[in-house]
Amino acid sequence: MRTVALYRINNLNMVRLFRSLLGAFAASSLVAASSGQVWEKLVVPGLTYRMEVDSAQPRMIHALRWSPGSDVKALPELAGGTVFEANPSFGRETISAMAKRTAAVAVINADFFPFTGDPIGLMVRDGELLSLPYLNRSSFAWGAGKAHAFGGSSASVQMRVADSLPLLIPQLNEDCKADSICINTPAAGLAKSKATALHAIIRVSAGSWKVGAKAVGEVEQVVSGQDLPIPVGKCILTGTGTMTGEVSKLKPGMQVEFELGIGPFDWTKLDQAIGGGTNLVTRGLISTDAIAQGFDADFTEKRHPRTAVGRTVEGDLLFVAIDGRQEISTGATIEEMARVMQRLGCMDAINLDGGGSTTLNVLGLTLNRPSGGREREVANGIAFIGKSPVAEQAALVIDGPAKMAPKTQTYLKIVDSNKTPVANSEILWSASGSGWIDQGGFLRATAAGTIFVSAYVHGRAVVLGVTVAAP
């Protein structure tokens, strides 16, 4: 394996040259860091995976570097495809399941959620407004080429019936609160409410639910109940408590118009967005505002698993996951997360949902170690859609022991039927259970049990089970 010394490179052209050389080798570079190691491996053209292992902290950092304008497209993805679903998780989904369902080459978790299928903050997919921003929380938006925006956002939905004054609708695709009114588009899946509500079923005849657009429809009927499925081509206006009166005013045959407004991003250039919080980096400087965004000291000052997104000076986007709450990786405070993003070259960055939600899946492998010991079902993620490598037919196996003792370590390799090893630069490693593995193939047994090792190589996955027991 190539070993390269890591230097500080200040000249932008030199930075670009250095990174282009990495890509040209389709490489896995093991880089000497101050207290650990760094590997970079090409996933597909336009998407690179990076792993850092800092044994002194200890901390494990995983990052995807995406080049906008490449053949890989980044899209916000709702768990299960709709906000709500009639199942025990209310429509939430693991990142691995999301990756499989969408055939994505990679997926990372995105926004916070209240253990339902509803993302707390802003979500826009292909211009369609799926979720409203949350209070003063940060958002990140992107579009064709390298168009992007970081910062706070605002949105509103107004309903107008005939010549009446417009009525502000405070909720969109949410569990309707007490004494509130919510518009549920087809993306919601269900019109949900915490108590029995009044629902106006409206057939949409023109327009769309895209940012800045209008949707026009005709009231078909008004019914009461909870968790009402949304028929194809229709939307449902839901009112509870004191706001049921506004819904009861609607009669079959009435024409209704909804107008969607959102700012301050330039939506002529942007068509995707996700919410998060707090800010981490602004114009290259550490810039956290957790208190203003409603986060407490436990969230900001204690080390937790973290997920974040940032923009580099070249216009690439970094999606970063830090493992935490484990002996091998303690996590990061918000200040430490900001410094990681700054060190990785981000000019702007915001924090996303973390804790047990932090998950990164690449080519079908969960590359980080979720803090709960297994993946948490989440409300949404960011899916990277591209052409997966073509699977080769040659027989490949992981060459390693069937048994290890606790607190021991060994190197693994992948070999073909002739026992010829595959270059480590062509392998993505993952492990779960009673041990962990770095991207050099160095496996460490942590406790008695079983280590489940997976490796993606030449377009497919190979696996190995290792029993960890005392000699």
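Up top you'll find the structure we're talking about.
Treat the numbers as computed from the prediction; the structure is a model and nothing was measured.

Parameters at a glance
Residues numbered from 1 in each chain as written. Predicted model: local features only at pLDDT ≥ 70, side-chain atom pairs only at ≥ 80, totals over all residues. Heavy atoms only, no water. Helix = DSSP H or I, 4+ residues; strand = E, 2+ residues; numbered from the N terminus. Disulfide = S-S within 2.5 Å. Buried < 20%, exposed > 50% of the residue type's maximum accessible area, 1.4 Å probe, protein only. Pairing = 2+ DSSP bridges. Polar contact = N/O pair within 3.5 Å; in protein donor to acceptor, adjacent residues only side chain to side chain. Contact = heavy atoms within 4.5 Å.

**Q** So, unusual backbone geometry: which residues are in play, and what are the values?
**A** The peptide bond linking G263 to P264 adopts the cis configuration, its omega dihedral lying at -5 degrees. Tracing the backbone shows P264 in the loop between strand 21 (255–263) and strand 22 (270–275). Cis geometry is found at the peptide bond from G277 to T278, where omega equals 5 degrees. Its place among the elements puts T278 in the loop between strand 22 and strand 23 (279–282). Of note, A162 is a non-glycine position whose phi angle comes to about 55 degrees, a positive value. Among the structural elements, A162 can be located in the loop between strand 12 (154–161) and strand 13 (167–169).

**Q** Outline the state of the cysteines, supporting the account with residue identities and numerical values.
**A** According to the stated counting rule, one finds zero disulfides in the structure shown. C182 supplies the cysteine sulfur nearest to C176, a cysteine that is in no disulfide, at a spacing of 5.4 Å. Among the residues examined, C176 registers a relative accessible area of 1% and is labelled buried.

**Q** Hey, could you go over the environment of G364 for me, with residue numbers and the actual values?
**A** Within the element layout of this structure, G364 appears in the loop between strand 28 (360–362) and strand 29 (365–366). Sequence separation between G364 and V107 is 257 residues; the distance between their C-alpha atoms is 9.2 Å.

**Q** How would you summarise the sheet that holds strand 14 (residues 171–172) if you had to cite specific residues and measurements?
**A** Pairing is mixed in the open sheet, where eight strands are placed in the order 13-12-21-18-17-20-15-14. At either margin of the open sheet sits one strand with a lone partner, and together these are strand 13 and strand 14. Across ten bridges, the pairing between strand 17 (residues 197–207) and strand 18 (residues 214–225) is antiparallel. If you follow L198 over to strand 18, its bridge partner there is S224.

**Q** Help me get a handle on the side chain of S180, residues and values and all.
**A** Mapped onto the secondary structure, S180 falls in the loop between strand 14 and strand 15 (181–184). Reaching out from S180, the side chain makes a polar contact with the side chain of Q171 at a distance of 2.7 Å. Leave out the neighbours within four places in its chain, and S180 touches P170, Q171, T238, G239, T240 and M243.

**Q** Could you give an account of helix 5 (residues 334–343), naming the residues involved and the relevant values?
**A** Those residues of helix 5 not exposed but buried are I334, E336, M337, A338, V340 and M341. Backbone geometry just downstream of helix 5 places G345 in the positive-phi region, at approximately 100 degrees.

**Q** Residues and numbers for the sheet that holds strand 35 (residues 427–433), please.
**A** Judged by pairing direction, the sheet is mixed, and its four strands sit side by side in the order 32-39-38-35 without closing on themselves. For this open sheet the edge positions go to strand 32 (403–404) and strand 35, each flanked by a neighbour on one side alone. With seven bridges connecting them, strand 35 and strand 38 (residues 449–457) associate as antiparallel partners. Following the sheet pairing, G433 is matched in strand 38 by I451.

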